[in-house]
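# Reading the structure
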Amino acid sequence: MALPIDFITRTRALLGNEFDSFEAALQADVPVSIRINEKKGAPIPAADTPDNRVAWCDTGYYLPERLSFTFDPLFHAGAYYVQEASSMFLEQVIRSHVKTPVRCLDLCAAPGGKSTHLAACLPEGSLLVSNEVIRSRSHILAENIAKWGNPNCVVTNNDPKEIGRLTHFFDVIVADVPCSGEGMFRKDTDSTGEWSIANVALCAGRGRRIIHDIWNALKPGGLLIYSTCTYNTEEDEENVHHITEELGAEALPIPAVKDEWQITGPLKYNHPVYRFFPHKTKGEGFFLAALRKADGEAEEIRFKNKNKKEKGKTAPAIPKAVKSFLSDTSSFSPEWSGSILRMLPESVRGAYPLLREHLRILSAGICIGEAKGKDFIPAEELALSTALRPDAFPVADLDWDDAIRYLKKEALLLPAGTEKGYVLVRHKKFPLGFAKHLGNRANNLYPQEWRIRTGYVPEQVKTFE
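Residues numbered from 1 in each chain as written. Predicted model: local features only at pLDDT ≥ 70, side-chain atom pairs only at ≥ 80, totals over all residues. Heavy atoms only, no water.

- As annotated in an unreviewed UniProt entry, the protein carries the name rRNA cytosine-C5-methyltransferase and is attributed to Parabacteroides merdae.
- The Sequence similarities (unreviewed entry) comment attached to the protein in UniProt states, word for word, "Belongs to the class I-like SAM-binding methyltransferase superfamily. RsmB/NOP family." (UniProt positions renumbered as here; feature names shortened; annotations may be inferred.)

### Considerations on the sheet that holds strand β20 (residues 442–444)
- Ordered by their spatial adjacency, four strands build an open sheet running β17-β18-β19-β20, and the pairing between neighbours is mixed. Where the open sheet ends on each side, the last strands, each with one partner, are β17 (395–397) and β20. Here the average twist between neighbouring strands, direction ignored, is 40 degrees.
- Sheet topology note: the strand β18 (residues 421–427)/strand β19 (residues 430–437) ladder contains seven bridges and is antiparallel. Paired with H427 across the two strands is F430, which belongs to β19.
- Helix-sheet contacts for helix α13 (residues 400–407) involve β18, β19 and β20, and the interaxial angle to β19 is about 70 degrees. (Pairing = 2+ DSSP bridges. Helix = DSSP H or I, 4+ residues; strand = E, 2+ residues; numbered from the N terminus. Axes fitted to C-alpha atoms, helices over the stretch in contact; angles between N-to-C directions. Contact = heavy atoms within 4.5 Å.)

### What to know about unusual backbone geometry
- Across the junction of A110 and P111, the peptide omega takes the value 5 degrees, indicating a cis bond.
- Within the fold, P111 resides in the loop between β4 (103–106) and α5 (113–121).
- Even without glycine at this site, H168 takes up a positive phi of about 55 degrees.
- Structurally, the position occupied by H168 is in the loop between α7 (160–163) and β7 (170–176).
- One non-glycine residue, K409, lies in positive phi territory at about 60 degrees.
- Counting through the fold element by element, K409 comes out in the loop between α13 and β18.
- Judged by its relative accessible area of 28%, K409 falls in the partly exposed class. (Buried < 20%, exposed > 50% of the residue type's maximum accessible area, 1.4 Å probe, protein only.)

### Things to note about the pattern of salt bridges
- Counted under the stated rule, the structure contains 22 salt bridges.
- Linked through salt bridges whose partners overlap, the residues forming this network are D58, E91 and R95. (Salt bridge = Lys/Arg side-chain N within 4 Å of Asp/Glu carboxyl O.)

### Comments concerning the packing of helix α8 (residues 197–214) against helix α9 (residues 237–247)
- Between α8 and α9, whose axes approach to 10 Å, the crossing angle comes to 35 degrees. The handedness of the crossing between α8 and α9 is right-handed. Residue-level contacts link A204, G207, R208, I211 and H212 of α8 to N239, H242, I243 and L247 of α9.
- Per-class residue counts for the contact of α8 with α9 are four nonpolar, four polar and one charged. (Left-handed = near helix turned anticlockwise from the far one by under 90°. Nonpolar A, V, L, I, M, F, W, Y, C, P; charged D, E, K, R; others polar.)

### Let's talk about the pairing of strand β15 (residues 366–372)
- As paired strands, strand β13 (residues 340–345) and β15 are joined by four bridges and run antiparallel to one another. Paired with R342 across the bridge in β15 is C367.
- Bridge analysis of β15 against strand β16 (residues 375–378) gives four bridges, and the strand direction is antiparallel. If you follow G369 over to β16, its bridge partner there is P378.
- Taking the residues between adjacent antiparallel strands as the criterion, β15 and β16 are bridged by two residues, where G373 takes a positive phi near 65 degrees.

### Let's talk about the packing of aromatic side chains
- Under the counting rule described, the total for this entry stands at 22 aromatic pairs.
- With a centroid separation of 4.9 Å and 80 degrees between ring planes, the pair formed by F169 and F170 is classed as edge-to-face. Neither residue differs from the other here; F169 and F170 are each classed as buried.
- Taking the centre distance of 6.4 Å and the plane angle of 45 degrees together, the rings of F325 and F376 count as tilted. Taken as a pair, F325 in the loop between β11 (286–292) and β12 (332–337) and F376 in strand β16 lie far apart in primary sequence, 51 residues in all. Comparing F325 with F376 shows no difference in burial state: the two are buried.
- Each residue in the set F7, F19, F22, F185, W195, Y231 and F277 is aromatic and connected to the rest through ring pairs, giving one cluster.
- Over the ring of W148 we find R35; its NZ or CZ atom is 5.0 Å from the centre of that ring.
- In this structure, K282 is placed above the aromatic ring of Y62, and the distance from its NZ or CZ to the ring centre is 4.3 Å. (Phe/Tyr/Trp six-rings, centres within 6.5 Å; stacked < 30°, edge-to-face > 60°. Lys NZ or Arg CZ within 6 Å of the ring centre and 35° of its normal.)

### Focus on the UniProt feature "active site" (unreviewed entry) in the protein
- Here, the residues flagged by UniProt with the feature "active site" (unreviewed entry) are C229.
- Looking at the secondary structure, you find C229 in the loop between β8 (218–228) and α9.
- Judged by its relative accessible area of 22%, C229 is partly exposed.
- Setting aside residues up to four positions removed in sequence, C229 forms contacts with C179, G181, E182, G183, M184, G285 and F286.

### Topic: the nonpolar core
- Grouped together as the largest cluster of nonpolar side chains are 39 residues, with contacts concentrated most on F89 and I225.
- Counting only elements with at least two residues in this core, the list comes to α4 (90–97), α5, α6 (135–148), β6 (153–156), β7, β8, β10 (274–276) and β11.
- When residues in this core are grouped by element, the largest group, four residues, is from α6.
- Not counting the four nearest positions on each side in its chain, F89 is found in contact with W56, I254, V257, W261, I263, Y274, F276, F286 and L288.
- Grouped together as the second largest cluster of nonpolar side chains are 38 residues, I211, L224, V273 and A364 included. (Core = buried A, V, L, I, M, F, W, Y, C linked by side-chain atoms within 4.5 Å.)

### Overview of empty space enclosed by the protein
- For the coordinates displayed, the defined rule picks out one cavity of 30 Å³ or more.
- If you add up the space inside the largest cavity, you get close to 120 Å³.
- Residue lining of the largest cavity: A142, I145, A146, G149, N150, P151, C153, S363, G365, I366, E381 and S385, and that is the complete set.
- Top element by residues in the lining of the largest cavity is α6. It accounts for three residues.
- Broken down by class, the residue content of the lining of the largest cavity amounts to six nonpolar, five polar and one charged. (1 Å grid on protein atoms, 1.4 Å probe; cavity = no way out; pocket = protein on both sides within 12 Å on 5 of 7 lines; lining within 4 Å. Points joined across faces, edges and corners; volume = space filled by probe spheres on them.)

Shown next as structure tokens:
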């Protein structure tokens, strides 16, 4: 990989004698890391040793080699998420500074690594709003949130300015702002050709603008987690300093950090910040700072129902069978959108009317399914939800070949003896979705937009064990 000359000059000035080690690390193999989904009972990887654990994340593991993720049914089942190890450091901020249930916004959330991590480590009863401004990427985000299976989530597709109108709504905002991507050079070698000093300046300004746009939505005393995947000080320390000077925030230390993790502190100013270099830590480049908004009087934003047509409307009755789909129906409330039924947990229910009024919501809580005449078709989100009652549907356990056929949305025969009707399709006891068994054949209900599209199958498929 050929590094841009200007990047070499600037980074050598930052690192001094360490630069040669840093440059050598960029030529080495990229570590592969995952987080397992404990709520789904995902097993610890077979290659579990102290060296293979991500030190700053309880559920993070390095793999000895890259798996065939596209052809691993457990990946599609949400048993684990493939995530760069350095970015898992987010867990340490939550542990240090978030002790009670909160309303949390993941502002630039696609494809979903930090959101699924937040869903796993925020205190029980928290609400997570995961937002992505780019429409196409927001659908990928919604898919990954659905696969992770946590019902306390809402996925939105809005510009930061629009979310900023939710005055003092969030206790925590995570802003992994778009950056020049220096920390991903090893992972995406083509990105070196797009790097320039001008782009660094552009990204630094964009990062500041995004924080200004969203600042009003953070409660007084609330927590902003600012991060990038880049090394330069313009996008990192200088923007953190700007937030403290212009917005009056206080940069917070993260007490749990250990010396042996070899995380680098500030390269400019004296704020507590945390930077990952690939020659020191096993991962890619990453930068993070936690900042506390100054205390003050919070202004409560209220819901104003402008849709008079909805007033006095009677919601459709919930089919009897639907009430038995979830393990604990009592903690969920129904929300109809036409013929589509969602179940909203307590954390979502109170905020949902306000969010729906101001934002474009792609998903919220659990999509249970769709009423079609006398029939009720269960939704993919229900199959993948951790709130699904295990015995709510008959099950069909598939081997790898049939599981891949299912995930490609191809025709399949279910095992002999499978009951007729809607069936939960599983692989190694992990739900993948639904099929409607008609006896001599089955209708594959896997979402068309989620299907495995490639016709290529590796000669040797390596899956999570």
